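# Residue-level structural notes
The lines below spell out each chain.
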Amino acid sequence: FFTHADLGTGCGSVLMMVAWAFLGQIRSVGVEAQQVSFECLRRGLEWNLGSDGTNSNDTLRIQQQDLRFWNGQVTNDDGDAVLKPPYKLITGTPPYFPLDSFVASQNHNQKVRCRVPTRGGASDYIEAASRLLADETDGGVFCMVEAAFDKAEAAVLETAQKFGMKVQRRLDVVTRSGL
């Protein structure tokens, strides 16, 4: 088995896609801070995988934690670590709209926290990944989806360098005209 951590898991779509892609080869943990998103995540796992990710024998586990302070460990009922750093694969999709360009009053609180960095952004995801990721020589990979806005891109590259990480591959995806 290789290990995977999904930071800021939300409702679990990336966590479940990775788990299905590497079925039988991977042990994963999803980390989500928001209570409403964590409950959505539990329900989604139960509906799609038959278990809610909170049982100690699940190969896909979830933790309600703030990624900025999470130590990376997942324990069983006896308190023994069943998953812990370093992780071979870390995924994350931080909030990608600048806080000053988003009208929070028009959106549900859960959506606001998913879309704008009210509790941490790309730099926090990069910092967390740098603490939890296996060394590059051991095959550690951090895959992050982030907006390619000019200021966002510069901040991502600067933070990656600050924490000893480097961008090895970039893929730009345009979801609609004008972006």
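Our subject in this report is the structure included herewith. (Residues numbered from 1 in each chain as written. Predicted model: local features only at pLDDT ≥ 70, side-chain atom pairs only at ≥ 80, totals over all residues. Heavy atoms only, no water.)

## Some remarks on the overall build of the protein
The helix and strand tally for the protein stands at 5 helices and 7 strands. For the protein, the N- to C-terminal ordering of α and β elements is β-α-β-α-β-β-β-β-α-α-β-α. Each of the 179 residues in the protein was classed as buried or not, and the buried ones make up 36%. Across the protein, every contact between residues at least 6 apart in sequence was considered, and the portion connecting residues at least 24 apart equals 63%. Within the structure as shown, the protein displays about 10800 Å² of accessible surface, and the carbon and sulfur contribution to it stands at 50%. (Helix = DSSP H or I, 4+ residues; strand = E, 2+ residues; numbered from the N terminus. Buried < 20%, exposed > 50% of the residue type's maximum accessible area, 1.4 Å probe, protein only. Contact = heavy atoms within 4.5 Å. Areas by Shrake-Rupley, 256 points an atom, 1.4 Å probe, with all protein chains shown as cover.)

## Considerations on helix H4 (residues 122–132)
Among all positions in H4, only Ala122, Tyr125, Ile126, Ala128, Ala129 and Leu132 are buried. Along H4, the residues classed as buried sweep out an arc of 165 degrees about the axis, all on the same side. (Arc of directions from axis to C-beta.)

## Considering the pairing of strand E1 (residues 2–7)
Most of E1 is tucked away, with 5 of its 6 residues classed as buried. For E1 and strand E2 (residues 26–32), the ladder comprises 6 bridges, and the chain directions are parallel. Residue pairing across strands places Ala5 opposite Val29, the latter belonging to E2. Direction of pairing for E1 relative to strand E6 (residues 89–92): parallel, over a ladder of 4 bridges. Residue pairing in the sheet places Asp6 in a bridge with Thr91 of E6. (Pairing = 2+ DSSP bridges.)

## Some words on the packing of aromatic side chains
Enumeration according to the criterion identifies 2 aromatic pairs in this entry. A centroid spacing of 5.1 Å and a plane angle of 85 degrees characterise the contact between Phe2 and Phe22, whose relative ring orientation is edge-to-face. With Phe2 in strand E1 and Phe22 in the loop between helix H1 (13–21) and E2, the pair connects residues that are 20 residues apart, well separated along the chain. Using a relative accessible area of 30% as the deciding quantity, one classes Phe22 as partly exposed. (Phe/Tyr/Trp six-rings, centres within 6.5 Å; stacked < 30°, edge-to-face > 60°.)

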